[in-house]
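Each chain, letter by letter, is given below.
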Amino acid sequence: MSKRVRTAVFPVAGLGTRFLPATKAMPKEMLTVVDRPLIQYAVDEAREAGIEHFVFVTGRNKGVIEDHFDRQYELEHTLEMRGKVEALQELQKDLPSAGRTSFTRQQEPLGLGHAVWCARELVGDQPFALLLPDMVFQARPGVLKQMMSAYEELGGNIVGVEEVDPKDVSSYGIVARGAGPDSGFRITGMVEKPKPADAPSNLFISGRYILQPEIFALLSEQTRGAGGEIQLTDAMQILIRTQNFTGVKYDGKVFDCGSKLGFLTANVAFALEREDLADDFRKAIRELGLLEPDAEPRKVPA
Ligand code: G1P
């Protein structure tokens, strides 16, 4: 039987330059889709998949993330005094229990592979999940939970994948697909940010992984790859020589909230899913003239 996955790693050290000036003094992981920060979606997804220990690889100016996963007595007291029971319960529900969060720092922005390597002492010699919080999913059950089912059956390393427009392959890690169904197929190779002509498929690594601890030793020897960064994909491409990698083409859809377009689309999609907002939001969009085919958006007066 495969060893249970108890720990998840969340790399949150990125500078968020694509969202300046919003991210000048605030971590990009605290940007909200509707009213929840990106990092909260990833933590909720991990918890749903049975994760018990939440490891954050942070950097300078990321203290707010630590505060977000702590209690806020003054706020809780105020909500209680005002009888806002539901809001209070929601806040408490979002919080991992005491002692179940760990924080370490990536001291230099050397890439995703390096960020993951920074978590090695906190993870130890056990398999772990890795969730990139920029990537937010509409999926039921959550993507990591779907991947856990494949892991329980097959063990080894599991990578979540989704199809991408072939012209966009050079923004992502791309896998080569071997035999097996969507719920668990053999990965035969991986390449980070290939040119469209060199991509082995259009299945991209969408930011959810279950990895064996042997990846850490490979990461410590990893030289810089695509974009001059230490790439996780390059280390996985070495580990695949000695361990199984399974791709899971999950049921669901990713929003790449590291890009403005993905982030804005996620806000619309998630708002339209919310019972308390959907009707009014749809009405507001209709009033902007955006729901009729080929409609031009209403001009906002200067
Ligand atoms: C990272 C990974 C890449 C993956 C992507 C998903 O790239 O290296 O393989 O497809 O996340 O978001 P980054 O977005 O850090 O450039």
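Use the structure listed above.
As a starting point, this report considers the structure included with it. (Residues numbered from 1 in each chain as written. Predicted model: local features only at pLDDT ≥ 70, side-chain atom pairs only at ≥ 80, totals over all residues. Heavy atoms only, no water.)

1. What about the environment of Asp44?
Along the chain, Asp44 turns up in helix α1 (residues 38–48). A residue is classified by how much of its surface remains accessible, and Asp44, at 23% relative accessible area, is partly exposed. Expressed as a C-alpha distance, the spacing of Asp44 and Pro96, which sit 52 residues apart in the sequence, is 9.3 Å. (Helix = DSSP H or I, 4+ residues; strand = E, 2+ residues; numbered from the N terminus. Buried < 20%, exposed > 50% of the residue type's maximum accessible area, 1.4 Å probe, protein only.)

2. Some remarks on the pattern of salt bridges
Tallying each qualifying case throughout the model produces 20 salt bridges. With a shortest N-O distance of 2.7 Å, Asp44 and Arg36 are connected by a salt bridge. Lys249 serves as the salt-bridge partner of Glu163, at 3.8 Å between the closest nitrogen and oxygen. Linking Glu163 in strand β8 (residues 157–163) with Lys249 in strand β12 (residues 245–249), this pair joins segments that are 86 residues apart in sequence. (Salt bridge = Lys/Arg side-chain N within 4 Å of Asp/Glu carboxyl O.)

3. Brief notes about the site of the ligand
Contacts to the ligand come from Leu112, Leu132, Met135, Tyr172, Gly173, Glu192, Lys193, Ile205, Tyr209, Gln231 and Thr233. Measuring from an oxygen atom of the ligand, one finds a side-chain N or O atom of Glu192 at 2.7 Å. Here Lys193 contributes a side-chain N or O atom positioned 2.6 Å from an oxygen atom of the ligand. Relative to its unbound accessible area of 370 Å², the ligand is 80% covered by the protein chains. (Near = heavy atom within 4 Å. Polar contact = N/O pair within 3.5 Å; in protein donor to acceptor, adjacent residues only side chain to side chain. Areas by Shrake-Rupley, 256 points an atom, 1.4 Å probe, with all protein chains shown as cover.)

4. Some words on unusual backbone geometry
A negative phi angle characterises most non-glycine residues, just as the trans form characterises most peptide bonds. A cis amide bond links Leu20 with the next residue in sequence, Pro21, at an omega value of 5 degrees. With respect to the secondary-structure elements, Pro21 resides in the loop between β1 (7–11) and β2 (32–33). A positive phi angle is found at Val34, which is not glycine, with a value near 60 degrees. With respect to the helices and strands, the residue Val34 is situated in the loop between β2 and β3 (36–37). Positive phi, normally seen in glycine, also occurs at Asn61, with a value near 65 degrees.

5. Brief notes about the side chain of Thr7
With respect to the helices and strands, Thr7 occurs in strand β1. The exposure class of Thr7 is buried, given its relative accessible area of 0%. A polar atom in the side chain of Thr7 sits 3.1 Å from the side chain of Gln126. Not counting residues up to four positions away in its chain, the partners in contact with Thr7 are Ile51, His53, Val55, Val123, Gln126, Phe128 and Ala129. (Contact = heavy atoms within 4.5 Å.)

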